[in-house]
Amino acid sequence: MSNFQPGPEHKFTFGMWTVGNMGRDPFGEPVRPALKPLEIVRLLADVGAYGVNLHDNDLVPIDATLADRKRIVADFRNALKQHGLVVPMATTNLFSDPAFKDGAFTSNDPKVRALALQKTMQSIDLGVELGAQVYVFWGGREGTETDVCRSPLDAGKRFRDALNFLCGYVREQGYALKFALEAKPNEPRGDLYLPTTGAMLGFIPTLDYPDMVGVNPEVAHEHMAGLNFMHAVAQAWDAGKLFHIDLNDQNPGRYDQDFRFGAQNYKQAFFLVKFLEDVGYSGSRHFDAHAYRTEGAAGVKAFAAGCMRTYLILKDKAAKFNADGEIQMLLKELAAGDSATDALLGSYSSTRAAALKAHVFDRPALGARDLGYEHLDQLLFELLMGVR
Ligand code: GLT
Ligand code: MN
Ligand code: MN
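A few words on the coordination of the manganese ion (ligand 2). Tetrahedral coordination by four donors puts the ideal angle at the metal at 109.5 degrees, and octahedral coordination by six puts it at 90 or 180 degrees. Every protein donor of the manganese ion (ligand 2) is accounted for by E218 (OE), H221 (NE2), D256 (OD) and D258 (OD), and the metal-donor separations fall at 2.1 to 2.6 Å. Sequence positions of the donors to the manganese ion (ligand 2) reduce to the motif E-x2-H-x34-D-x1-D. The distance between the manganese ion (ligand 2) and the manganese ion (ligand 3) is 4.7 Å, with E218 acting as a donor to both metals. Note that H221 is positioned in helix α8 (residues 219-224) and D258 in the loop between β9 (246-247) and α10 (266-279), a separation of 37 residues in sequence.

Written as structure tokens, this is what we have:
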């Protein structure tokens, strides 16, 4: 792990919209010039990324002719080849165009819903043409400012119908493509439907082809909802649904900040990286973030390099944590078995239930046990701060 140099084996990817972010916000104009797709590819190759992900309109303008599209895609493919970058994930922009101001798949207007399906099929074709294996659905405008306009039941049904339709399309085309649903609690709408990764996980089994559909949890989105991101990721992993992940950072209770990975919560970022590495997550480590608005070209590069370097530093810390004799001994002691009661636990049997009912516990002794988490947590702090 010397020098924390990113390589293709780390599967670090960035959205075109991340390093391409011009620093526009609701209060201010862009502070950085627009980068051409080919400049983005060069920049990402320079900093050592493995891949670049995109919305349809990050590459092909919404009003491009077929001839334009052909030329743009050919140039982009040449640039990818020249710089050794891949496109593992693609998605659709269903939020920028005013036609989608009241949602895309969940809109009350059937024409808007049909347009959203058409745009997504075309964008799926583009993604597959570029090699994408994961297709993300972030419902940027699927929500409300006021619930006077529609029932969330209708919205849910429409969203389900759209995903079922698109699964059917992908199957019929024979594409090897999986869908990953990305939750967010709010912004740009006042409230977004299916606001958390947990909500998405509950929704997936209601689809026609649930095996094709998983989740794309984003750090900042669960933090916006005040949740523990690593717990959400663990639930997704346990369900076999962690198809993709969006890494970035921010504190709870803020707007959608999309800060550099690890910029805000070192400890939570550590537990996340440790989780992904310990379980052997093999998908992209995708950074969905952007440089502070104070930055120019050099700052954008520092931002991208920082995301990957932070991940690798935390990966190294996770290995140190796993190899730390004292920490591991304490963890082992905490979860140590007890031969007298181990036999009482496990799958249900009537003998076990009867034995358990008859067992006498020393409840005060259980409550009086000092668990030692203060010491353990301090050891973690010292390990992370490099004084251990
Ligand atoms: C947008 C959003 C992200 C989504 C992207 C995919 S676009 O930047 O904030 O969280 O992942 O549509
Ligand atoms: Mn975000
Ligand atoms: Mn995201």
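What follows deals with a nonpolar patch on the surface. On the surface, Y266, F381, M385 and V387 cluster together into a nonpolar patch covering about 440 Å² of accessible area. Looking at the element boundaries, M385 is found in the segment after α16 (373-384). By relative accessible area, M385 is classed as partly exposed at 43%.

Let's shift gears to the pairing of strand β2 (residues 51-55). The buried fraction of β2 amounts to 5 of the 5 residues, a majority that puts the element mostly inside the structure. With burial as the criterion, each face of β2 is covered, one bearing G51, N53 and H55 and the other bearing V52 and L54. Two strands pair when backbone bridges link them, and strand β1 (residues 12-15) and β2 are joined in this way by 3 bridges, in the parallel orientation. Within β2, the residue paired with G15 across the bridge is N53. Sheet topology places β2 next to strand β3 (residues 89-91); 2 bridges connect them, and they run parallel. Directly across from H55, in β3, lies its bridge partner T91.

Taken in spatial order, the 8 strands make up an open sheet running β8-β6-β4-β3-β2-β1-β10-β9, and their pairing is parallel. Whereas interior strands pair on both sides, the edge strands pair on one side only; in this sheet they are β8 (213-215) and β9. Lying over the sheet, helix α5 (residues 110-129) contacts β3, β4 (134-138) and β6 (178-182), oriented at roughly 145° with respect to β4.

Here the focus is the pairing of β1. Of the two faces of β1, both are covered, the one formed by F12 and F14 as well as the one formed by T13 and G15. The pairing of β1 with strand β10 (residues 285-287) spans 3 bridges and is parallel. Its bridge partner being in β10, F14 is matched across the sheet by F287.

Relative to the 20 Å expected for 14 residues at 1.5 Å per residue, α10 spans 20 Å between its end C-alpha atoms, a close match to the ideal helical length. Buried within α10 are the following residues: A269, F270, L272, V273, K274, F275 and L276. Contact partners of the buried residues in α10: α8, α9 (229-238), β9, β10, α11 (297-323) and α16.

The next thing to look at is the coordination of the manganese ion (ligand 3). Note on the manganese ion (ligand 3): its protein donors are E182 (OE), E218 (OE), D246 (OD) and D288 (OD). The metal-donor distances range over 1.9 to 2.2 Å. Considering all 6 donor atoms around the manganese ion (ligand 3), the spread of angles at the metal, 75 to 167°, places the coordination shape in the octahedral class. Counting gaps between the donor residues of the manganese ion (ligand 3) yields the pattern E-x35-E-x27-D-x41-D.

For the rest of this paragraph, the subject is the packing of aromatic side chains. Taken as a whole and judged by the stated rule, the model has 17 aromatic pairs. Relative to F203, the ring of F159 lies with its centre 5.5 Å away and its plane at 20°, an arrangement referred to as stacked. Of this pair, F159 sits in helix α6 (residues 152-173) while F203 sits in helix α7 (residues 197-203), and the two are 44 residues apart along the sequence. One exposure class covers both F159 and F203, and it is buried. Its end group placed over the ring of F243, K178 keeps NZ or CZ at 4.4 Å from the ring centre.

Once that is clear, we can look at the nonpolar core. Counting residues in each nonpolar core, the largest one holds 91 residues, and the members touching the most others are F14, L44, F179 and F261. Take this core: its biggest share by element is 10 residues, from α11. Residues in contact with F261, not counting those within four places in the same chain, are L247, N248, A269, L272, V273, F287, C307, T310, Y311 and L314. One finds M89, V134, V136 and A180 within the second-largest nonpolar core, a separate group that totals 5 residues.

For the pair helix α2 (residues 37-47) and helix α4 (residues 66-83), the least separation of the axes is 10 Å and the interaxial angle reads 15°. Relative to α4, α2 is oriented roughly parallel. Handedness of the crossing formed by α2 with α4: right-handed. Only D75, F76, A79, L80 and H83 of α4 make contact with α2, whose side of the interface consists of P37, L38, V41, R42 and A45. Across the contact of α2 with α4, the residue classes break down as 7 nonpolar, 1 polar and 2 charged.

Moving on to the site of ligand 1. What surrounds ligand 1 is the set W17, H55, T91, F95, W138, E182, E218, H221, D246, D256 and D288. Measuring from an oxygen atom of ligand 1, one finds a side-chain N or O atom of H55 at 2.7 Å. Take D288: an N or O atom from its side chain is 2.9 Å from an oxygen atom of ligand 1. Relative to its free-state accessible area of 310 Å², ligand 1 is covered by the protein chains to the extent of 91%. Residues belonging to the shell around ligand 1 are distributed by class as follows: 3 nonpolar, 3 polar and 5 charged.

Here we take up unusual backbone geometry. Cis geometry marks the peptide bond from E187 to P188; its omega dihedral reads 10°. Looking at where P188 falls in the secondary structure, it is placed in the loop between β6 and β7 (191-192). The phi angle at L194 is positive, at roughly 50°, despite the residue not being glycine. Within the secondary structure, L194 sits in the loop between β7 and α7. A positive phi angle, close to 50°, is found at D258, a residue other than glycine.

Here is what the cut-offs are and how they apply
- Residues numbered from 1 in each chain as written.
- Chains lettered and ligands numbered in written order.
- Predicted model: local features only at pLDDT ≥ 70, side-chain atom pairs only at ≥ 80, totals over all residues.
- Heavy atoms only, no water.
- Donors = N, O, S within 2.8 Å, 3.2 Å for Na, K, Ca; no water.
- Helix = DSSP H or I, 4+ residues; strand = E, 2+ residues; numbered from the N terminus.
- Patch = residues over 30% accessible without salt bridge, like charges linked within 9 Å, V, L, I, M, F, W, Y side chains within 5 Å.
- Areas by Shrake-Rupley, 256 points an atom, 1.4 Å probe, with all protein chains shown as cover.
- Salt bridge = Lys/Arg side-chain N within 4 Å of Asp/Glu carboxyl O.
- Buried < 20%, exposed > 50% of the residue type's maximum accessible area, 1.4 Å probe, protein only.
- Pairing = 2+ DSSP bridges.
- Contact = heavy atoms within 4.5 Å.
- Axes fitted to C-alpha atoms, helices over the stretch in contact; angles between N-to-C directions.
- Expected span 1.5 Å × (residues − 1).
- Tetrahedral: all angles 85-135°; square planar, octahedral: opposite > 155°, others 65-115°.
- Phe/Tyr/Trp six-rings, centres within 6.5 Å; stacked < 30°, edge-to-face > 60°.
- Lys NZ or Arg CZ within 6 Å of the ring centre and 35° of its normal.
- Core = buried A, V, L, I, M, F, W, Y, C linked by side-chain atoms within 4.5 Å.
- Parallel < 35°, antiparallel > 145°, perpendicular 65-115°, else oblique.
- Left-handed = near helix turned anticlockwise from the far one by under 90°.
- Nonpolar A, V, L, I, M, F, W, Y, C, P; charged D, E, K, R; others polar.
- Near = heavy atom within 4 Å.
- Polar contact = N/O pair within 3.5 Å; in protein donor to acceptor, adjacent residues only side chain to side chain.

On their own, these measurements won't tell you what the molecule is for.
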